[in-house]
Amino acid sequence: MNGLNTTVERTFWHTLSQGNKPVDLRADPQYSGRVQYRCDKKSCTLRITDLRESDSAEYKFRFITNQHHGEYSGSPGVTLTVTGLQASTGCRYRSCSLSQLKCQSSCRLPDHSSYVWYKNGEKIQTYLYFSVDFDYADSISCAVAGHEDSPSPPVCVRSQSCNKVTYADRRICAFKGSSVDISCTYNRYNRYIRSKLWFSPGRSLQWQSPSQLDSQHRVQVLDEGGRRSTLRISDLRESDSAEYRFTFTAGSFEWGRSLPATTLTVTDPDLQVQVIWSLTGPKLVCHSSCLTNRSSFIWYENGKEIREATSPSYRGHVDPANNYSCGYKNYRSLPVYVPTIPIVSKSPPGDIMKNSSVSLTCTSEANPVPKYYWYKNNQTLLSEEPQLVLNFVQSSDSGDYYCTAENELGKMKSEYISVNVKYGPETSTLSVCPSAKIVEGSSVTLNCSSDANPAANYTWYKDNQTLIKEPQEMYHFISISSEDTGSYHCKSENQYGQINSSSLFIDVQYGPKLPSVSVSPSAEIVEGSSVTLSCSSDANPAANYTWYKENEDSPKASGQNFTITDFRAEHSGNYYCEAQNIRGSHKNTLHLTIGPGAKKSAAIGTTTAFLLVIIILAVLLWMRRNTQHCEGGQKPICKTQLNMSPVYDNTSAVALRQPAEQQDDLHYASICLAVNQEVALYSNISLAHPHRQIETEYSTIKTDNDSSALRTRHQKDRGDSFALYSTVNKNYV
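Now for a look at the structure at hand. Counting restarts for each chain, with residues numbered from 1 along the sequence as it is written. Totals for whole chains, interfaces and linings use all residues, but because this is a predicted model, local features are given only for residues with pLDDT of at least 70 and pairs of side-chain atoms are given and counted only at 80 or more. Hydrogens and waters are ignored; side-chain quantities use all the structure's heavy atoms.

Turning our attention to the overall build of the protein. Only runs of H or I of at least four residues qualify as helices and only runs of E of at least two qualify as strands under DSSP, and these elements are numbered from the N terminus. Within the protein, the secondary structure is distributed over 2 helices and 59 strands. Think of it in three bands: residues with accessible area under 20% of the maximum for their type are buried, residues over 50% are exposed, and the middle band is partly exposed, with areas taken using a 1.4 Å probe on protein chains only. The 733 residues of the protein split such that 37% are buried. As displayed, the protein offers around 41700 Å² of accessible surface, 49% of which is attributable to carbon and sulfur atoms. Throughout, the Shrake-Rupley method with a 1.4 Å probe supplies accessible areas, and for residues the shown protein chains are the sole cover considered.

Next up on the list: the nonpolar core. As used in this record, nonpolar core signifies buried Ala, Val, Leu, Ile, Met, Phe, Trp, Tyr and Cys residues forming a set joined through side-chain atoms within 4.5 Å. Ranked by size, the top nonpolar core spans 30 residues in total, and within it Trp 198, Leu 231, Ile 233, Tyr 244 and Leu 264 carry the most contacts. Considering each element in turn, this core owes the most residues, 5 residues, to strand β22 (residues 242-250). With 19 residues, the next largest nonpolar core counts Phe 175, Phe 297, Val 318 and Cys 326 among its residues.

When two cysteine sulfur atoms lie within 2.5 Å, the pair is treated as a disulfide. One pass over the structure, following the stated rule, counts 7 disulfides. Between the sulfur atoms of Cys 39 and its disulfide partner Cys 44 the distance amounts to 1.7 Å. Judged by its relative accessible area of 40%, Cys 39 is partly exposed. When its relative accessible area of 16% is taken as the criterion, Cys 44 is described as buried. Here Cys 156 is linked by a disulfide to Cys 162, with a sulfur-sulfur distance of 1.9 Å. Here the S-S torsion is close to -85 degrees, and the disulfide linking Cys 156 with Cys 162 is therefore left-handed. By the burial criterion, Cys 156 is buried, and Cys 162 matches it.

In this scheme Phe, Tyr and Trp rings, the latter by its six-membered ring, pair at centre separations within 6.5 Å, and the angle between planes marks the pair as stacked below 30 degrees, edge-to-face above 60, and tilted otherwise. Within the structure shown, the criterion is met by 21 aromatic pairs. We call a charge positioned above a ring when the Lys NZ or Arg CZ atom is no farther than 6 Å from the ring centre and deviates by at most 35 degrees from the ring normal. The lysine or arginine in question, Lys 413, covers the ring of Tyr 402, its NZ or CZ lying 4.4 Å from the ring centre.

With that out of the way, let us pick up the pattern of salt bridges. Any two side chains of opposite charge can pair, on the condition that their charged atoms come close. Whenever a carboxyl oxygen of Asp or Glu lies within 4 Å of a side-chain nitrogen of Lys or Arg, that contact is scored as a salt bridge. Evaluated as defined, the whole model comprises 15 salt bridges. Its salt-bridge partner being Glu 426, residue Lys 354 comes within 2.5 Å of it at the nearest N-O pair. With Lys 354 in the loop between β32 (352-353) and β33 (358-363) and Glu 426 in the loop between β40 (421-422) and β41 (428-433), this pair connects stretches of sequence that are 72 residues apart. Residue classification places Glu 426 among the partly exposed positions, given a relative accessible area of 36%. Across the pair Glu 493 and Lys 491 runs a salt bridge whose closest N-O atoms are separated by 3.9 Å.

Right under this line is the structure:
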């Protein structure tokens, strides 16, 4: 039967009268105990024993599936006609020729059949030219050559009454250890019977009637009313299987010994209960290859005898929760019952590796023998065998399996058994979310996926350096930064293997950082020279650069470098560079101004000469004063050291100091005031850097004696001191 998930649930033979529902022959009382099926997956044979003329019918095979309206019968079926041979004669006289003897049947006999004839139980020779003489007491029977074991019943040739023997059964089957009666009826024609005898051809055994038990006390001949004789054999053995015939003598007449009689077959007991499915529920029939529906049976429910049940068919209600058996005399069948809950097992029992094989077995106790069905994940029918074999298992074979065991009495389901196919990582795929361009500060997740069982552990790498080793398949950046830019990959690993993913480059985009600005040349800007401004900034994607001058709307230039080829005074001022990309912008400012340069060199020279004259005059004046004081016995109260910072004693005036940040650019003239001296002018000039030009911004400053700004606690004792100083700016050539 083809079709997706289609299974055959029932098969049976039936006869179909017009308008009637098909009925399984085993459940039909007319065939009770006489029907047996021999079926496999491709064929099914019907066997009917103890045939009767009423068995003549058309027989059909039917199967029922699990699909809606899934009932099918073959058409046409097999027509069976049951009949026997009939012998007759067309004799008008005592002598009959062969052509006047008739052996016929309602069934069509094989073409060119030849026949065997019996007169009064004795085989006679027949030829085309042969003629037979018949008396009024004679009988005749026939058989088809090759089938002599099925002769026709004897019929009288010339009268209504004649000598003949008719057997009750042509074939009898009985169990070993049981007893059997082989019977016949006989007629005699107006003659006194002198003897009656049962015998077995070829065995030299015979039993007369009337008689007692034989020497083994197993065989007895019973005479019933003068026209019926029974041979009873007890404690049957297989050696008792044979043909048994009856003969009698009346006067000088003896019934012939060549006419086939009753054949006895002795077998082992084979009682069994057949469970037959029907629309009204299961039906039970006691079946045996030997017994017929004329036998008297005993039925048992849960081992207890049901005395009113003597038919081969059980007439009561069948409860699947109970078990049933049938018996015949001292014999009893095995009970029938619904399947027990199936037990499932797996081989091999351990881990199932990919590409290996595994067998699942379903076992259940039941009678009749159950059919097994395997399912996966509660839906797919996989097999109709007790064992399910999975070869070269793949990951798709993982799942939950179960089986059912069912017979005509019921169906039971097993527990689930899990198949978990193990294998090492076969793929390792790295992906990033979001998959669009990654912006600094955003949340980014790397995902490493792998096909593995058990689930893989993951190791993360950046630029081939290990980051973390965790079971998690995700690597998360809460706020990604430019430092996270790099090449990433992951390794998937379990106890069965490992595999690396391909590399994925993470390019983090960000706006420009604070630009770095510079000017070239870095010395003072000389009017008319060429000046290049440079700007650089860290950005991704790379920044574009635009130069602006403060208080001007229009850009001066674009690009990292901005060159002014002929620098003029009007070019002085603040310039700023703006770095910009799609992620943002940033700018920085640079101040440009023209240095004094060559334009002020003459002024510087004049000022320097004037300053030198003043210094010389001051020195001469000081020397003169000092000489006078020395002559008068007075000592100077301070000393002046050239090229050094002023050195004071405790009585010297306080040196006026500039802030620390100006000490590198200023040199001071130390001025000490002698006691009772009105004006003392000192000049101490140190050229710290001989290669530099010195420009004097201003020179002598004179203070009054009462200036509080220069007064110290020493001045209270010695009078006021005055400081005259010059500021000197340094400029690099």
